[in-house]
Amino acid sequence: MSQLGYYTEESLKKLKDDLHHLKTVERKNCTNAVAEARDKGDLSENAEYDAAREAQALLEVKIAKMEEIIANARIVDETQLDLSKVSILTTVTIKNTNNGASMKYTLVAQSEADLKAGKISVDSPIGKALLGKKVGEKVDVQVPAGMVTFEVHNISI
């Protein structure tokens, strides 16, 4: 069962570029490595050949997964976002009611998540809990450190 992924035009283009690189450059490199290893003699005792074939198989799986992601991708138009509630591609400022710490996150597709850049996945525990919430609403989230309550302070693009 495939799952829809939501992307900006820019991030979908990057995915397509990455897929193109895998198909045109990496696939050729794997094919060359298999051929080179095959030329080294007896395949029944050729670990290099086995390793090259395994790398080739893993690459094909990666390509197939990326093709499926792209086939099921949906582009989100940032100009059409409803800022009355938290949704994908919105930036939300939340306050941890337990310790008073404020945090600012942009909710993105799982493939774009980068905590250092302040981007969390809509599939993460915090992301899932925040979806659909409005300014002033509180939400309890189970995190590794235990249950934490966050209050939504601001929603923007």
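As the structure is a prediction and not an experimental result, all values here were calculated from the model.

1. With respect to the overall build of the protein
Logical step 1: Regarding its fold elements, the protein presents 3 helices and 7 strands.
Logical step 2: Scaling as 2.2 N^0.38, a compact globule of 157 residues should have a C-alpha radius of gyration of about 15 Å, whereas the protein reaches 22 Å, well beyond that.
Logical step 3: Its C-alpha atoms give the protein principal-axis dimensions of about 70 × 35 × 30 Å.
Logical step 4: Residues classed as buried in the protein amount to 36% of the 157 residues present.
Logical step 5: Considering only residue pairs separated by 6 or more positions, the protein has 50% of its internal contacts joining residues 24 or more positions apart.
Logical step 6: Treating the 21 positive side-chain charges of the protein as one cloud and the 24 negative ones as another, the clouds have centres 6 Å apart.

2. Remarks on the sheet that holds strand β4 (residues 102-108)
Logical step 1: Taken in spatial order, the 5 strands line up as β5-β4-β3-β7-β6 in an open sheet, and their pairing is mixed. For this open sheet the edge positions go to β5 (119-121) and β6 (138-143), each flanked by a neighbour on one side alone. When strand polarity is set aside, the average angle formed by the axes of neighbouring strands in this sheet is 45°.
Logical step 2: Here 6 bridges tie strand β3 (residues 91-96) to strand β7 (residues 146-156), and the two strands are oriented antiparallel to one another. Opposite N96, over in β7, you have F150 as the bridge partner.

3. Quick look at the packing of helix α1 (residues 9-38) against helix α2 (residues 47-71)
Logical step 1: Relative orientation of the contacting elements α1 and α2 amounts to 160°, with a least axis distance of 9 Å. On the basis of their axis angle, the class for α1 and α2 is roughly antiparallel. Seen along the crossing, α1 lies across α2 with a hand that is left-handed.

4. A few points about the environment of V135
Logical step 1: Within the element layout of this structure, V135 appears in the loop between α3 (125-130) and β6.
Logical step 2: Put simply, V135 and N154 are 19 residues apart on the chain and 5.8 Å apart in space, counted from C-alpha to C-alpha.
Logical step 3: Discounting residues that sit within four places of it in the chain, V135 has contacts with V152, H153, N154 and I155.

5. Observations concerning α2
Logical step 1: Helix length check: α2, at 25 residues, gives a terminal C-alpha distance of 36 Å against a target of 36 Å (1.5 Å per residue), a fit within 8%.
Logical step 2: Listing the buried residues of α2 in full gives Y49, A52, Q56, L59, I63, M66 and I70.
Logical step 3: The inward-facing, buried residues of α2 contact α1 and β2 (73-75).

6. Topic: the nonpolar core
Logical step 1: Core analysis: the biggest nonpolar cluster contains 22 residues, and V92, I94, I126 and L130 have the highest contact counts within it.
Logical step 2: Where this core is concerned, the elements lending two or more residues are β3, β4, α3, β6 and β7.
Logical step 3: Among the elements that line this core, the one with the most residues is β7, at 4 residues.
Logical step 4: In this structure V92 touches V86, M103, K104, Y105, L107, L130, V152, N154 and I155, once residues within four positions along its chain are discounted.

7. A word on α1
Logical step 1: Taking 1.5 Å as the rise per residue, α1 with 30 residues should run 44 Å; its terminal C-alpha atoms sit 42 Å apart, in good agreement.
Logical step 2: Its maximal kink placed at L22, α1 deviates by approximately 35°.
Logical step 3: Contacts from the buried residues of α1 go to β1 (5-7), α2 and β2.

8. Some points on the pairing of β4
One face of the sheet, then the other: side chains in a regular strand alternate in exactly this way.
Logical step 1: Pairing of β3 with β4, which is carried by 5 bridges, proceeds in the antiparallel orientation. In the strand pairing of β4, K95 is matched with S102.
Logical step 2: Count of turn residues in the β3/β4 antiparallel hairpin: 5 residues, of which G100 carries a positive phi of about 80°.
Logical step 3: Bridge count for β4 against β5 is 3 bridges, and the pairing is parallel. Residue pairing for β5: L107 is matched across the bridge by I120.

Criteria and cut-off values
- Residues numbered from 1 in each chain as written.
- Predicted model: local features only at pLDDT ≥ 70, side-chain atom pairs only at ≥ 80, totals over all residues.
- Heavy atoms only, no water.
- Helix = DSSP H or I, 4+ residues; strand = E, 2+ residues; numbered from the N terminus.
- Rg over C-alpha atoms; globule rule 2.2 N^0.38 Å.
- Buried < 20%, exposed > 50% of the residue type's maximum accessible area, 1.4 Å probe, protein only.
- Contact = heavy atoms within 4.5 Å.
- Lys, Arg positive; Asp, Glu negative; His and termini not counted.
- Charge placed at Lys NZ, Arg CZ, Asp CG, Glu CD.
- Pairing = 2+ DSSP bridges.
- Axes fitted to C-alpha atoms, helices over the stretch in contact; angles between N-to-C directions.
- Parallel < 35°, antiparallel > 145°, perpendicular 65-115°, else oblique.
- Left-handed = near helix turned anticlockwise from the far one by under 90°.
- Expected span 1.5 Å × (residues − 1).
- Core = buried A, V, L, I, M, F, W, Y, C linked by side-chain atoms within 4.5 Å.
- Bend = angle between axes of the 7 residues up to and from the residue.

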